[in-house]
Amino acid sequence: MSPHNVVTDRIRTLVATLHDELVAVRRDLHAHPEVAFTEVRTTRVLAERLRLAGLEPRLLPGTGLVVDVGEVAPGQGRIALRADIDALPLTDTCEQEFASTVDGVAHACGHDVHATVVLGAALVLAELDAEGQLARGVRCIFQPAEEIMTGGAPDVIAAGALDGVDEIYALHCDPKVDVGTVGTRIGPITAAADQISVTLGSTGGHTSRPHLTGDVVFALAQVVTQVPAVLGRRLDPRSGTNLTWGAVHAGDAHNAIPTTGVARGTLRCLDGRAWEHAASVLESAVGQVVAPYNVTAEVHHTRGVPPVENDEAATGRVESAARAVLGPRSVILTEQSLGGEDFAWYLTQVPGALARLGTRAPGGRSYDIHQGDLRVDEQAIDVGVALLARIAAGE
C-alpha cells in the first residue's frame, strides 16, 4: 500500500473516531451563535479543545484564533485552512433541539459547520503529526466577522495569520448539493460585493410646478433604471458586473417634490480588474444620468470584498484529495455565485481555493443559506474534516 493510501486510511479512521464529539461541538456552536466581532464564547470553545489536544492556539485581537500543527520543512511554508466563525442577525427557525438560544441570531450560513470542520481537521492533523505522518506544517485559522463588509479577513491578515503560509484552503456549505459531494471551480467562484448609496438633492417643490425645481423622484427613477444599463455598456460584459437596488426612498406626500431621495444597492462583479474600474464608471454614470434634471448627486461606494478567484493548481489539489477520501465521483463543477466571501482577501496574498461542501441529505429538501430554517446533514462534518485533512497532509 502506498504512503498516500496509508495516510488516507488513517484519516478516515480518525474522522470516524471524532464523529460524535464533532457533532456535539457543532450543535453547541449552533445553539450559541455570536455575530461579527462578538464571537467570544465560540473562540473559547475552540481554543479549549485545541489545547486539550496539546496544541497552542494564539488568540487574535478581539475574537478568533490561529493554531499551528506540525513543523515547517526547510524552504517550505505552511498550508493554511480557514474557517469563519460568526453568525447572522436572523431568527433561527430550524426547529431542531439545538436551535439558537440567542434571540435574533442564528448560524444560517453554516459557519458552525465550517468552524467544526477546521477544528476536526486540526485534531486529525495533530494525530498524524504525532505519528510522524504529517508531511508539512499546517495553520488553522478561525476567523471572525465574515458576514460584514469588508469582512474580518483583512484584520486577520494584518495580525500575521498568513506569515509563513504558502497556500490556503476553505470550504463553504452548499445546502443544494448532496452530502459527500464537493463543488469546485477554477477562477472566480464568488463575486466582488460592494455597497452603493446614491443620494440626490434639490430645493423641492410642488408637484404642480416640477419645472421650478429639481425633481428628485423622477431623477432617482432614472438612476435606478439607467445606471445599471450604463454599467453594462461601459464594463466588459464577461466581467459579470451587476448592480441591483435593494432600497429606494424619496418623499412622503403625493403632491410634494421632496428635497432628497436615496437609492441603496449592491454592486457585484466576477472579475477583479473590472471591479477595480467599476467605481469610477459608476460615479461618472450617475452624474451623466442626472445631469438634465437640476439635482445634486452624491455617490457613496463602500468597498466590500474582491472575487474569490481559485488557483488552478490549488483547485486540482482539492479535487485530488476529494477523490482520494470520498471516491471518484465526489467532485462536481460548481456554479459561479454573485455572493461575496471575504476568503477572497487571503487569495490576494497567497494562492488557494474555496470549495463547496454538499450538506443536503440525499433525496432530502434543498435549503438556502441566510435563511433561518437552514438544516445541514451532519455527515457533511466528516466529509469536510477528511477532505481538509487530506489536502493538508501532503503527498
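Up top is the structure these notes are about.
A short tour of the structure in this document, coming up. (Residues numbered from 1 in each chain as written. Predicted model: local features only at pLDDT ≥ 70, side-chain atom pairs only at ≥ 80, totals over all residues. Heavy atoms only, no water.)

### A look at the sheet that holds strand 12 (residues 260-269)
To keep it simple, the criterion reads: When DSSP finds two or more bridges between a pair of strands, those strands are recorded as paired. Secondary structure elements are taken from DSSP: a helix is a run of H or I of four residues or more, a strand is a run of E of two residues or more, and numbering for both begins at the N terminus. For every element, the axis is a line fit to its C-alpha atoms; helices are fit only across the contacting stretch, and the angle between N-to-C directions ranges from 0 to 180 degrees. Two residues form a contact once any of their heavy atoms are found within 4.5 Å.
Strand order across the open sheet formed by four strands is 10-12-8-13, with antiparallel pairing between neighbours. A strand with exactly one partner marks an edge of an open sheet, and here the two such strands are strand 10 (242-250) and strand 13 (296-305). The sheet shows a mean angle of 15° between the axes of neighbouring strands, taken without regard to direction. Bridging between strand 10 and strand 12 involves eight bridges; their strand directions are antiparallel. Paired with His249 across the bridge in strand 12 is Val262. The strands touched by helix 5 (residues 216-234) are strand 8 (192-201), strand 10 and strand 12; relative to strand 10, the strand with the most contacts, the crossing angle is about 175°. Running at roughly 165° to strand 13, helix 6 (residues 272-290) makes contact with strand 8, strand 10, strand 12 and strand 13 of the sheet.

### Concerning the packing of aromatic side chains
Definition in use: When two rings of Phe, Tyr or Trp (its six-membered ring) have centres within 6.5 Å they constitute a pair, described as stacked for plane angles under 30 degrees, edge-to-face for angles over 60, and tilted for the intermediate range. Remark: exposure states derive from per-residue accessible area (1.4 Å probe, protein chains only) relative to the maximum for the residue type, with buried under 20%, exposed over 50%, and partly exposed in between. Any Lys NZ or Arg CZ that is within 6 Å of a ring centre and within 35 degrees of that ring's normal is treated as a charge sitting over the ring.
Tallied over the full model, the rule gives two aromatic pairs. Here the aromatic rings of Phe343 and Tyr346 are separated by 5.8 Å at their centres, their planes lie at 45°, and the arrangement is tilted. Tyr346 carries the same exposure label as Phe343, and that label is buried. Its guanidinium or amino end placed over the ring of Trp275, Arg303 lies 4.3 Å from that ring's centre, counting from NZ or CZ.

### Quick notes on the packing of helix 3 (residues 111-130) against helix 9 (residues 379-393)
The condition is simple: Geometric relationships in this document are graded by angle, where less than 35 degrees denotes roughly parallel, more than 145 denotes roughly antiparallel, 65 to 115 denotes roughly perpendicular, and other angles denote oblique. In a left-handed crossing the near helix is turned counterclockwise from the far helix by less than a right angle, and in a right-handed crossing that turn is clockwise.
At their nearest, the axes of helix 3 and helix 9 sit 8 Å apart, and the two run at 50° to each other. Comparing the axis directions of helix 3 and helix 9 gives the class oblique. Seen from above, helix 3 lies across helix 9 with right-handed handedness. Between helix 3 and helix 9, the contacting residues are Val113, Thr116, Val117, Val118, Gly120, Ala121, Val124, Leu125 and Leu128 on the first element and Ala380, Ile381, Gly384, Val385, Leu388, Ala389, Ala392 and Ala393 on the second.

### Observations concerning the pairing of strand 5 (residues 165-178)
Most of strand 5 is tucked away: 11 of the 14 residues are buried. Both strand 3 (residues 78-84) and strand 5 contribute to a ladder of five bridges, which runs parallel. Each bridged residue has a counterpart across the sheet, and for Arg78 the counterpart in strand 5 is Val165. Bridge count for strand 5 against strand 16 (residues 352-360) is eight bridges, and the pairing is parallel. Bridge pairing links Asp178 to Arg360 in strand 16.

### Side note on the state of the cysteines
We apply this condition: The criterion for a disulfide is a pair of cysteine sulfur atoms lying within 2.5 Å.
Inspection of every chain in the model, using the stated rule, returns zero disulfides. No disulfide involves Cys109; its sulfur sits 7.8 Å from the nearest other cysteine sulfur, which is in Cys173.

### Here we look at the pattern of salt bridges
Operational definition: By definition here, a salt bridge exists when the distance from a side-chain nitrogen of Lys or Arg to a carboxyl oxygen of Asp or Glu is within 4 Å.
Taken as a whole, this structure holds 22 salt bridges when the rule is applied. Residue Arg26 pairs with Asp112 through a salt bridge whose shortest N-O separation is 2.9 Å. Linking Arg26 in helix 1 (residues 3-31) with Asp112 in helix 3, this pair joins segments that are 86 residues apart in sequence. The buried category is assigned to Asp112, whose relative accessible area is 1%. Between Glu97 and Arg27 there is a salt bridge, and its shortest N-O distance comes to 3.4 Å. Pair noted here: Glu97 is in the loop between strand 3 and helix 3 and Arg27 is in helix 1, with a separation of 70 residues, a long-range link.

### Brief notes about the nonpolar core
We apply this condition: Working definition of a nonpolar core: buried Ala, Val, Leu, Ile, Met, Phe, Trp, Tyr and Cys residues. They are joined through side-chain atoms within 4.5 Å.
In terms of nonpolar packing, the biggest core is built from 65 residues, with Ile11, Leu81, Val124, Leu125, Leu128, Val138 and Phe142 touching the most fellow members. Here this core gets 12 residues from one element, more than from any other, and that element is helix 3. In contact with Leu81, other than residues within four places in its own chain, are Val118, Ala121, Leu125, Val138, Arg139, Cys140, Ile141, Tyr169, Leu388 and Ala392. Listed in part, the 22 residues of the second largest apolar core include Val223, Leu231, Leu267 and Ala285.

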